[in-house]
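Architecture at a glance
Each chain is listed here by its residues.
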2 protein chains.
Amino acid sequence: MLVVQKFGGSSVRDAERVMNVARLVTETYKKGNDVVVVVSAQGDTTDDLIAKAKELNARASKREMDMLMAAGEQISIALLAMAIDSLGCPAISLLGWQAGFETNSTYSAARIKRVNPERIRAELDKRRIVIVAGFQGLNKYDDVTTLGRGGSDTSAVAIAASMHADLCQIYTDVEGVYTADPRKIPGARKLEEITYDEMLEMATSGAQVLNNRSVEMAKKYNVELEVLSSLKWVPGTKVKEVTQVEKMMIKGVAKDDDVARVSIVALPDNPGIAFKVFSRVAKAHICVDNILQSVGRDGTKDIAFTVPAKDAEDAVESLREYCEAKGAASLDYDTNVAKISVIGAGMETHEGVAADMFAALAAANINIQMISSSEIRVSVLVDKKDADKAVEAVHRQFFGE
Amino acid sequence: MLVVQKFGGSSVRDAERVMNVARLVTETYKKGNDVVVVVSAQGDTTDDLIAKAKELNARASKREMDMLMAAGEQISIALLAMAIDSLGCPAISLLGWQAGFETNSTYSAARIKRVNPERIRAELDKRRIVIVAGFQGLNKYDDVTTLGRGGSDTSAVAIAASMHADLCQIYTDVEGVYTADPRKIPGARKLEEITYDEMLEMATSGAQVLNNRSVEMAKKYNVELEVLSSLKWVPGTKVKEVTQVEKMMIKGVAKDDDVARVSIVALPDNPGIAFKVFSRVAKAHICVDNILQSVGRDGTKDIAFTVPAKDAEDAVESLREYCEAKGAASLDYDTNVAKISVIGAGMETHEGVAADMFAALAAANINIQMISSSEIRVSVLVDKKDADKAVEAVHRQFFGE
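Nothing here was measured: the structure is a model prediction, and the numbers come from that model. (Residues numbered from 1 in each chain as written. Chains lettered and ligands numbered in written order. Predicted model: local features only at pLDDT ≥ 70, side-chain atom pairs only at ≥ 80, totals over all residues. Heavy atoms only, no water.)

**Side note on the overall build of chain A**
Helix and strand counts for chain A stand at 11 helices and 20 strands. A compact globule built from 401 residues should have a C-alpha radius of gyration of about 21 Å, and chain A, at 24 Å, falls within 12% of that. Projecting the C-alpha coordinates of chain A onto the three principal axes gives extents of approximately 75 × 50 × 35 Å. Considering chain A as a whole, with its 401 residues, one finds that 56% of them fall into the buried category. Of the contacts formed within chain A by residues at least 6 apart in sequence, a portion of 74% connects residues at least 24 apart. For chain A, the accessible area works out to roughly 17500 Å², and carbon and sulfur atoms hold 48% of it. A gap of 2 Å separates the mean positions of the 49 positive and 57 negative side-chain charges of chain A. (Helix = DSSP H or I, 4+ residues; strand = E, 2+ residues; numbered from the N terminus. Rg over C-alpha atoms; globule rule 2.2 N^0.38 Å. Buried < 20%, exposed > 50% of the residue type's maximum accessible area, 1.4 Å probe, protein only. Contact = heavy atoms within 4.5 Å. Areas by Shrake-Rupley, 256 points an atom, 1.4 Å probe, with all protein chains shown as cover. Lys, Arg positive; Asp, Glu negative; His and termini not counted. Charge placed at Lys NZ, Arg CZ, Asp CG, Glu CD.)

**Focus on helix 8 (residues 273-283) of chain B**
All names here are of chain B. Taken together, the buried positions of helix 8 are occupied by Ile273, Val277, Phe278 and Val281. Summarising the axial view, the buried residues of helix 8 lie within an arc of 105°, below the 170-degree limit, and thus occupy one face. Residues of helix 8 that are exposed and point more than 90 degrees away from the buried face comprise Phe275 and Lys283. On its buried face, helix 8 sits against strand 14 (259-268), strand 15 (291-293), strand 16 (300-308) and helix 9 (312-326). The first or second residue beyond helix 8 is His285, which carries a positive phi of 60°. (Arc of directions from axis to C-beta.)

**Some thoughts on helix 6 (residues 196-204) of chain A**
Within helix 6 of chain A, 7 of the 9 residues are buried, leaving the element largely enclosed by the surrounding structure. Looking only at helix 6 of chain A, the buried set comprises Tyr196, Glu198, Met199, Leu200, Glu201, Met202 and Ala203 of chain A.

**So, a positive patch on the surface**
Residues and elements named next belong to chain A. Together, Lys276, Arg280, Lys283 and Lys326 make up a positively charged patch on the protein surface. Examining the composition of the positive patch, we find that 3 residues originate from one element, helix 8 (residues 273-283), more than from any other. Inspection of the secondary structure puts Lys283 in helix 8. Note on Lys283: relative accessible area 72%, which makes it exposed. (Patch = residues over 30% accessible without salt bridge, like charges linked within 9 Å, V, L, I, M, F, W, Y side chains within 5 Å. Salt bridge = Lys/Arg side-chain N within 4 Å of Asp/Glu carboxyl O.)

**Some points on the relation of the copies chain B and chain A**
It takes a turn of 180° to lay chain B on chain A, together with a shift of 0.1 Å along the axis; the resulting RMSD is 0.2 Å. Both copies are brought into coincidence by an operation consistent with a two-fold rotation axis. Taking C-alpha positions as reference, the residue of chain B nearest the rotation axis is Ala71 of chain B, located at 2.4 Å. (Least-squares fit on C-alpha atoms with pLDDT ≥ 70 in both.)

**A closer look at the sheet that holds strand 16 (residues 300-308) of chain A**
Residues and elements named next belong to chain A. Read across the open sheet, the 4 strands follow the order 15-16-14-17; overall the sheet is antiparallel. The sheet terminates laterally at strand 15 (291-293) and strand 17 (330-334), the two strands that pair on one side only. Here the strands of the sheet are splayed against their neighbours by 15° on average, with no regard to which way each runs. Its contacts with the sheet place helix 8 against strand 14 (259-268), strand 15 and strand 16, and it is angled at close to 25° to strand 16. Strands in contact with helix 9 (residues 312-326) are strand 14, strand 16 and strand 17; relative to strand 14, the strand with the most contacts, it is inclined by about 5°. (Pairing = 2+ DSSP bridges. Axes fitted to C-alpha atoms, helices over the stretch in contact; angles between N-to-C directions.)

**Here's the deal with the side chain of Arg377 of chain B**
Residue and element names in this part refer to chain B. Mapped onto the secondary structure, Arg377 falls in strand 20 (residues 377-383). For Arg377, a relative accessible area of 10% corresponds to the buried category. Among the polar contacts listed, one links the side chain of Arg377 to the side chain of Glu201, at a separation of 2.7 Å. Residues within four places of Arg377 in sequence aside, it is in contact with Glu201, Ser205, Ser341, Val342, Ile343, Met347 and Ser372. (Polar contact = N/O pair within 3.5 Å; in protein donor to acceptor, adjacent residues only side chain to side chain.)

**Here we look at the interface of chain B and chain A**
Chain B puts 42 residues into the contact, and the matching count from chain A is 42 residues. Across the interface of chain B and chain A, roughly 3300 Å² is buried in total on both sides, 63% from carbon and sulfur atoms. Linking chain B to chain A there are 2 salt bridges. The partner of Arg119 of chain B in a salt bridge is Asp143 of chain A, and the shortest N-O contact between them spans 2.9 Å. One can count 18 residue pairs in polar contact (both at pLDDT 80 or more) joining chain B with chain A. At the level of elements, helix 1 (15-30), helix 2 (45-56), helix 3 (62-86) and strand 3 (91-94) of chain B are the ones that each hand at least two residues to the side of chain B that touches chain A. (Buried area = accessible area lost by both parts, 1.4 Å probe.)

**A look at the confidence of the model for chain A**
Counting all residues, the mean pLDDT for chain A is 91, and 97% of those residues have values of 70 or more. This complex was scored by the predictor with a pTM of 0.84 and an ipTM of 0.82. (pLDDT = per-residue confidence, 0-100.)

Written out as structure tokens, the structure is:
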């Protein structure tokens, strides 16, 4: 079996953790598997390097930042190879370009164009454990690039896709994907399985487990993912195309309190009003989530929508001129809100999920400000102060105590 | 003019020093020169990385050590490029392989096979300052190698040789090459010029300024070197093929107190005795320097020679069996000695240098244990306690107060 294992920065932050990863990798290898390991830079290395750069040049070129940052993984792959070697297993470290990562030239946020796994394959054929530097590649000018946020997850999935790996394991500091945040909801359960789409909705809805880009790539190339802990050696959560949906219809309850609600009150109603509003927001490169448009009265409409909290001010600015010209009664934003979502592919064929969710919220005396839904998700906007109570109530409704 | 400038680890050890180097480089660039800069890893980076490796594996493979160590220069080239950019000059950093360094596969002590300066040339043609990672290259397997001790000096000279640079400046923490150690001999003077051969003799005789490998390469390809300080912006010492020897016949007085004298007393005299002794020492991979063989009496000879202090014990061991079998009276070593040398290409055509040296030592009441000489060097072995006094006396003889 060909297994790709990815370890983040906290999993290799010091010598003890590196040895732990080395033991985990050699266990997999000794079972007879071919093993490719993708590692991020050690714990604080990335922050240290950024601090060094800032000291010299607050607006350093992205090309040079990528050159700098790529040194971080170079250190961690060499150290992990040494650790594995000390356990008596053969290992070899490869930089992004040595492992065949070709990217475009968008420094600091490069997209992978192709992975040529020839060298990795040759090293596996020598029965070596191959350690690959995540997060980095080479563009057509032979310059080092980095993939940006969550890049090492994407590196791992890209290798798994290009080599048709049997499994791509993403090791993190949690044991898997939970029905809710286990630090807050005592009844939260670890899921055995979840579909790619559910995982994407979970991430978008505020669950910080996997980077969306890597899940999208896994879905596209049908790479079976497993999210699991590098510290507790127990099975994690499998992310795959089809799961046994009948076992559990709802996969999780997520909270995103990093949102803001933008509201326009009494905007004179004209054809194309929504287009005019949202094209302006889009021009400011702001992603709009839930949208609520009132039925309207007195020839005006109220429009509300949610955006990431950090973009709230810009969103309002992008609309100020238009709203004043049209004579809207008010335009403002509120960050005192949170979005609660239930996610599950099962709900598209089961009625009553939304109703059950609303009932749970009503019983907990929580006011719903906005509602939105997709085929596999129902989200509501509530007061930020009610957010945790809301997650608890909804989780209890679907998963019990 | 094409200038190659090399900066060691202490010259770029922190942000302040990096900015200092950036200013120095941009000054050279603004005069209209093409500038290629070679940098080592920052101050303690190398030691930090070695410590990290040792924690995991005391006998890490050299390939992985090279992968690890090469990250050090990757960090410093990116930082220097950022610093130069912040001063308004265009700069680009290149790793060893990007700069065209092809080496053999002796990890941790690789030899440069070829430098293909195509990429450097292309970047210079864009009027960019090119920052190259010293100390590293790539072997035929596309694996990262490092050049070993003094590697960055060699990198700089190799670039200068392959591009026919007009000058290769080696920046260090001293202002140039001195007639003696300026920290100990107040009358020591900075030399304007010195020949390659003299420089090589100086280094071999204990003056730690330039790595011999880089001087040998500079001599072979006739690269004009300059040794100078990155902190005091004053002219340094030029190292070149021919200097104005008449200006100063003797170039310097050097002390090497890291030596030992090995002595064999009353070894029965047979044909081939010297061969038998020194072939045994050579087999132990020990370099022998001065050799003294007594004229002999009673059919025996005394043989003495010097070796690096660290090798003294091994040298004695390599001879013990042979000396016992032959019935030599004694075999032992003494590290309580120092080698004092005067160096200068002029002395081959001037008689009396050795005589003047011996006179100075006699006047200072210093006993000479052994004498050796080359065309451009005379060395004597003295008691270690007399070493500094000997340097002072000899230096005064040739250079005055």
